[in-house]
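What follows is the residue order along each chain.
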Amino acid sequence: MGLKQVQLFVRGRVQGVFFRASTQREAKRLGLTGWVKNRSDGAVEVLAEGEEDELKELIAWANRGPSAARVERVDVRWRGFSGDFFDFRITD
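Throughout this description, residue numbers start from 1 for each chain and increase along the sequence as written. Selection of residues for local features in this predicted model requires a pLDDT of at least 70, selection of side-chain atom pairs for listing and counting requires 80 or more, and totals for whole chains, interfaces and linings are taken over all residues. Note: side-chain values were computed over all heavy atoms of the structure, leaving out hydrogens and water.

Participant: What is the right way to read the packing of helix α1 (residues 19-29) against helix α2 (residues 52-62) from this model?
Facilitator: Packed helices, taken two at a time, are described by their axes: the angle between them and the distance between them. It is at 10 Å that the axes of α1 and α2 come closest, and there the two elements cross at 155°. Regarding the angle of α1 to α2, the classification is roughly antiparallel. Of the two possible hands of crossing, α1 and α2 adopt the one that is right-handed. Between α1 and α2, the contacting residues are F19, S22, T23, E26, A27 and R29 on the first element and E57, L58, W61 and A62 on the second. Looking at side-chain class alone, the contact of α1 with α2 contains 5 nonpolar, 2 polar and 3 charged residues. Note on geometry: axes are C-alpha line fits, over the in-contact stretch for helices, and angles between N-to-C directions span 0 to 180 degrees. Helix and strand assignments come from DSSP, with helices taken as H or I runs of at least 4 residues and strands as E runs of at least 2, each series counted from the N terminus. The cut-offs work like this: below 35 degrees is roughly parallel, past 145 is roughly antiparallel, 65 to 115 is roughly perpendicular, and the gaps in between are oblique. Two helices crossing with the near one rotated counterclockwise from the far one by less than a right angle form a left-handed crossing, whereas a clockwise rotation gives a right-handed crossing. In what follows, a contact means two residues having at least one pair of non-hydrogen atoms within 4.5 Å. Put simply, Ala, Val, Leu, Ile, Met, Phe, Trp, Tyr, Cys and Pro go in the nonpolar bin, Asp, Glu, Lys and Arg in the charged bin, and everything else, Gly too, in the polar bin.

Participant: Explain the sheet that holds strand β5 (residues 88-90) here, please?
Facilitator: Two pairing modes exist for strands in a sheet, parallel and antiparallel, and in both the strands are linked by backbone hydrogen bonds. As summarised here, the arrangement of the 5 strands in space is β4-β1-β3-β2-β5, forming an open sheet in which the pairing is mixed. For this open sheet the edge positions go to β4 (70-80) and β5, each flanked by a neighbour on one side alone. For this sheet the average axis-to-axis angle between neighbouring strands, irrespective of direction, equals 15°. At least two DSSP bridges between two strands are needed for those strands to be called paired. For strand β2 (residues 33-38) and β5, the ladder comprises 3 bridges, and the chain directions are parallel. Note that in β5 the partner of W35 across the bridge is R89. Against the sheet, α1 makes contact with β1 (3-13), β2, β3 (44-51), β4 and β5, and its axis sits at roughly 175° relative to β5, the strand it touches most.

Participant: Just checking my understanding: could you explain the side chain of T23 for this structure?
Facilitator: Assignment of secondary structure puts T23 in helix α1. The buried label goes to any residue with under 20% of its type's maximum accessible area, the exposed label to any with over 50%, and the partly exposed label to all in between, with areas taken from a 1.4 Å probe on protein chains only. Judged by its relative accessible area of 1%, T23 falls in the buried class. Any pair of nitrogen or oxygen atoms within 3.5 Å is treated as a polar contact; in protein, a donor-acceptor pairing is required on top of that, and neighbouring residues in sequence qualify only through side-chain atoms on both sides. Looking at T23, its side chain comes within polar contact range of the main-chain oxygen of F19, at 2.7 Å. Ignoring anything within four residues of it in the chain, the contact list for T23 reads V36, V46, L58, W61 and F88.

Participant: I would appreciate a short explanation of the pairing of β1 in the present structure.
Facilitator: The two faces of a sheet get side chains in turn, since along a regular strand they alternate between them. Pairing geometry for β1 and β3, over 8 bridges, is antiparallel. Among the inter-strand pairings, V6 is bridged to a residue of β3, identified as A48. In terms of strand pairing, β1 meets β4 through 10 bridges, oriented antiparallel. Of the residues in β4, the one forming a bridge with R13 is R70.

Spelled out as structure tokens, the structure:
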């Protein structure tokens, strides 16, 4: 389906529940690159690149999150592929 980029804003009880580490593990499993970080507003932001099908799998996973998380909403923004990332990292 082609290479794309997606930006996610995950809201709910998503900080302090291993959401970032779990997102990194899932993204690596799917062969995606990019980053995940906590936001000051309590959300978690994800920027991921890769094949569209794998990005859709990540979105579906983000709507559940790890077992301790309580995801209320995931805002999704599709973007063009940049190729700027070489791995998937947790950032500040």
